[in-house]
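# Structural description and commentary
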Amino acid sequence: MSRATISTTGIYSRREIPAADASVVRARSHQIGGSSALVTPAAAPRNLPTPLGDLSRASSADLQAAACTLLPRSGLQLEKRRRCIRKVTEHLSTFDGLTWQDRWDASGYDTSEERLASLNPPASTKSWTMTSGLTWLVGMRVIVPSVLTLRRDVVCDFAMIFRECQKDPLLEEVVDRIRSATNPDLQKHRALTELSYLLASQGIPVSDLTPGALIHFDHELRKVGRGKETYERQIGALIWEVLHSMGRFPEGTPATIRMARQGGPRSVEEFVDRYGVKDAGMRQLLIDYINQRAALGMDHSSLRGLTAHLVRNFWCVIERINPGQHDLDLTEETYEAWRQDVDTITTPEGPKPRQGIWDLLIAVRALYLDLQTWAMEDPARWGPWATRCPIPPIASRGYSAGRRRQAERIADRTRARQPLLDHLLRHVGAEKERLGSFRAAATDSQGDAGFDFNGVHYTHIRRTTGPRAPLKGPRARRGVEFEEPPEPERQLRVRGPAGETINISAEEDRAFWTWAAVEVLRLTGIRHEELLELSHLSVRQYRRPNGEVVGLLVVAPSKSDRERVIPMSPELLHVIAELIRRHTTNLGLIPLVRRWDPHEREHGEPLPHLFQYTAGPLRGVFSTSRIAKLLHMACAAAAKDRPEFEGLSFTPHDFRRIFATDLVNNGLPIHIGAALLGHANLQTTRGYVAVFDEDVVRHYQMHMASRRALRPEHEYAQVTVQEWEEFEEHFDKRKVELGACGRPYGTPCAHEHACVRCPMLHVEPRMILRLDELESDLIARRERAENEGWKGEVDGIELTLGHLRDKRARAMRLQH
């Protein structure tokens, strides 16, 4: 087969691109994660159970009799139940249909804006309600309503009534597992409600519940939800975890509903197709090349970065510049146009130079060089694409200089923040203590009309709707109690003297977690991700041979894939103890939660993470953006008292660099510092501590001390008033018309004040116009000297003009 018609396995030749395959290539719709872990939402096939027999065509009397066999009640309550069912069936009988489901569908309540509850009697008459009757019909599996109807037209005890009607042992087992979970009570109650809604709206038993059906219900409930309840972000999360742990889902199903909705790590094909490569041959080449690189060992984040460089920043730009380009053999014009395009990036402030240009050039150059090397080993597969690299070796000559500039920027950033660290620590510590006392004072005075704190009077903001009234009569003595929705954790809100509302609980939480994050970061120097992975299991102890017990903090492998152990100082022990106490005081133990890793796009194992939060019924691990936001807010608050913080903020990595600098500059061997920081290379640690080179400062001071010891003591006598006046007079005499003279102290003017010619003259930029006047005068003098034949004068003026123009050029550069 000739080279012009070669077609290799898994990759197309640049000489021949099949039209059929080229038409398949398209830009896929944007999605958050990879499709490998996505679960397609699909309602389960209807398989309506009949726990009380087939009641689809039963008479109203039979429905009433069946309902009265459940949940034995007093005669008065049973009569009310019959009346509710009778009212609903009488209303549905006015619509056409052979079954009650047909009549319900014909009524249109599932889709109309009219609510069935609008037919309820006035509030003064509570002998029957349409919503209660509908609840019993749905629970007995007579009617399969929509999620919208369940959300707005059933009673609050629907979940309990529904379960009692099913008589399903498997459903009871699922319910028991949900109740025994460590989640907050409110989340467990809502999970039970969501489970009953799901089974009722899809008309299935719990044994038919599939992952797709749960995702479908998630979408449906979000459509009809009010969008203000925070728990809606985790609809079905607890149900999913329970069913997954029971083995009710197929093998390979994601462990959490979040991964099932968003997908796990993307494949290389999904990464490439995200950017919409038009050429089919190049698309397949990029996929095969990146897969080959990924096989050598590359994490998901690095794979995403490599794909962005090669596909988005390189080939897609080439296709935009030269739509007819179908291979990697770029012309000089195409390459230059590409360089001009990628050398700058567009920002709201305007175009700026791309700081990561060297990484992009290295990635593209590696693509060409790898293809040349692999073509020698596998000519059939890689040979058709091997070509010369358009990026010359000299193009990366500035890589080292660029890295030095980057190191200088980081060093300057650390220099600016190290002196402010103590101020930040005092600020976050004071805020934690103040708001902690504020919350304690508000908690102790909840039964009072108000309380005073720091000389200011505050009043409590009460709930607008009180709790339910206690049950009375036969209902309070029933054998099976209805489930009351648990109250969420009360948020302490008070009103200040100016009428402002203060959420003390939220403010105190923010202050505590800001303090905890700052203290742990600055005492350990751990990375951002490692901070969030700390758990109760990370706290260990080591008994030394002398019997001393040392606290240890085990840091899980992250960037360098190396686990390390950090001995804990008393300050760090105090912070860790505060974190543990905060969880155990409120919950009795530290709950097990899964941490979502946004870089690898996967959930970790359930662990007692230290940096976990509770937001109403939700419980999760802090995200990297949330920690960064807490630090930014703390710096903004500190700027009110410390102007140095204006426009300045700390990041978690700033604490790591300051920690490394303090360690090594205070005498700790650099290899020990590298072990504490988790660096595999000492040069990495050296880059962290090069900000303040303590060795240079120390040796220079020793050198100066030895120099002073050798000099006569009389040279260190106190300066007299006359000597000081002479010293000041010298600098006064150095001031001239055009600027200042730079001659050393104690020396006279060697050029007899011919300042324009003198190399010691430093011209101020504001005197450039004066230099222009002098130049005009010298030119006029030169013309007269030339006319008079004064050749010696002409040579002197030419020399003066040369010095003048040189000094003017320097002054203009200084001004620029």
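On a predicted model such as this, the values are computed, not experimentally measured, just so you know. (Residues numbered from 1 in each chain as written. Predicted model: local features only at pLDDT ≥ 70, side-chain atom pairs only at ≥ 80, totals over all residues. Heavy atoms only, no water.)

As summarised here, the arrangement of the 3 strands in space is 7-8-9, forming an open sheet in which the pairing is antiparallel. What marks the edges here is a single partner per strand, and that holds for strand 7 (539-543) and strand 9 (564-567). Between one strand axis and the next, the sheet turns by 40° as a mean value, whatever way the strands run. Where strand 7 meets strand 8 (residues 549-555), 5 bridges bridge the pair, whose relative direction is antiparallel. What sits directly across from Arg540, in strand 8, is Leu552. (Pairing = 2+ DSSP bridges. Helix = DSSP H or I, 4+ residues; strand = E, 2+ residues; numbered from the N terminus. Axes fitted to C-alpha atoms, helices over the stretch in contact; angles between N-to-C directions.)

Moving on: helix 21 (residues 504-524). If you check helix 21, its first and last C-alpha atoms are 30 Å apart, about what 21 residues at 1.5 Å a residue would give, namely 30 Å. With respect to burial, helix 21 is a largely interior element, 16 of its 21 residues being buried. Sitting at the amino-terminal end of helix 21 is Asn503, which places a side-chain oxygen 3.3 Å from the backbone nitrogen of Ser505. Gly525 sits one or two positions beyond helix 21 and adopts a positive phi of about 70°. (Expected span 1.5 Å × (residues − 1). Buried < 20%, exposed > 50% of the residue type's maximum accessible area, 1.4 Å probe, protein only. Polar contact = N/O pair within 3.5 Å; in protein donor to acceptor, adjacent residues only side chain to side chain.)

Interaxial distance between helix 16 (residues 332-342) and helix 17 (residues 357-377) falls to 11 Å at its minimum, and their mutual angle equals 145°. Along this stretch, helix 16 crosses helix 17, giving a crossing that reads as right-handed. Residues Trp338, Arg339 and Val342 of helix 16 pack against Ile357, Leu360, Leu361 and Val364 of helix 17. (Left-handed = near helix turned anticlockwise from the far one by under 90°. Contact = heavy atoms within 4.5 Å.)

So, about the side chain of Arg141. Note on placement: Arg141 falls in the loop between helix 5 (130-139) and helix 6 (147-153). Here Ile204 takes part through its backbone oxygen, which lies 2.9 Å from a polar atom of the side chain of Arg141. Residues in contact with Arg141, not counting those within four places in the same chain, are Leu48, Pro49, Pro51, Phe162, Gln166, Leu199, Ala200, Gly203, Ile204 and Pro205.

This part is about the confidence of the model for the chain. With 86% of its residues at a pLDDT of 70 or more, the chain shows a mean pLDDT of 81. Across the chain, the secondary-structure element scoring lowest on mean pLDDT is helix 1 (residues 19-24), at 35, and the one scoring highest is helix 8 (residues 169-179), at 93. When the criterion is pLDDT under 50, residues 1-30 qualifies, and its contacts beyond four places in sequence or with other chains add up to 56 contacts. Here residues 227-231 is modelled with pLDDT under 50, and outside its nearest four sequence neighbours on either side it reaches 10 contacts, counting other chains as well. (pLDDT = per-residue confidence, 0-100.)

This structure, assessed with the given rule, holds 37 salt bridges. The closest approach of N and O atoms between Glu79 and Arg83, which form a salt bridge, is 3.7 Å. Of this pair, Glu79 and Arg83 both sit in helix 3 (residues 75-92), 4 residues apart, roughly one helical turn. Here Glu220 makes a salt bridge to Lys223, at a shortest N to O gap of 3.6 Å. Of this pair, Glu220 and Lys223 both sit in helix 10 (residues 211-224), 3 residues apart, which is roughly one turn of that helix. Residue Lys223 is classed as exposed on the basis of its relative accessible area, which comes to 64%. Among the charged side chains, a network of salt bridges with common partners joins Arg439, Glu508, Asp509 and Arg582. (Salt bridge = Lys/Arg side-chain N within 4 Å of Asp/Glu carboxyl O.)

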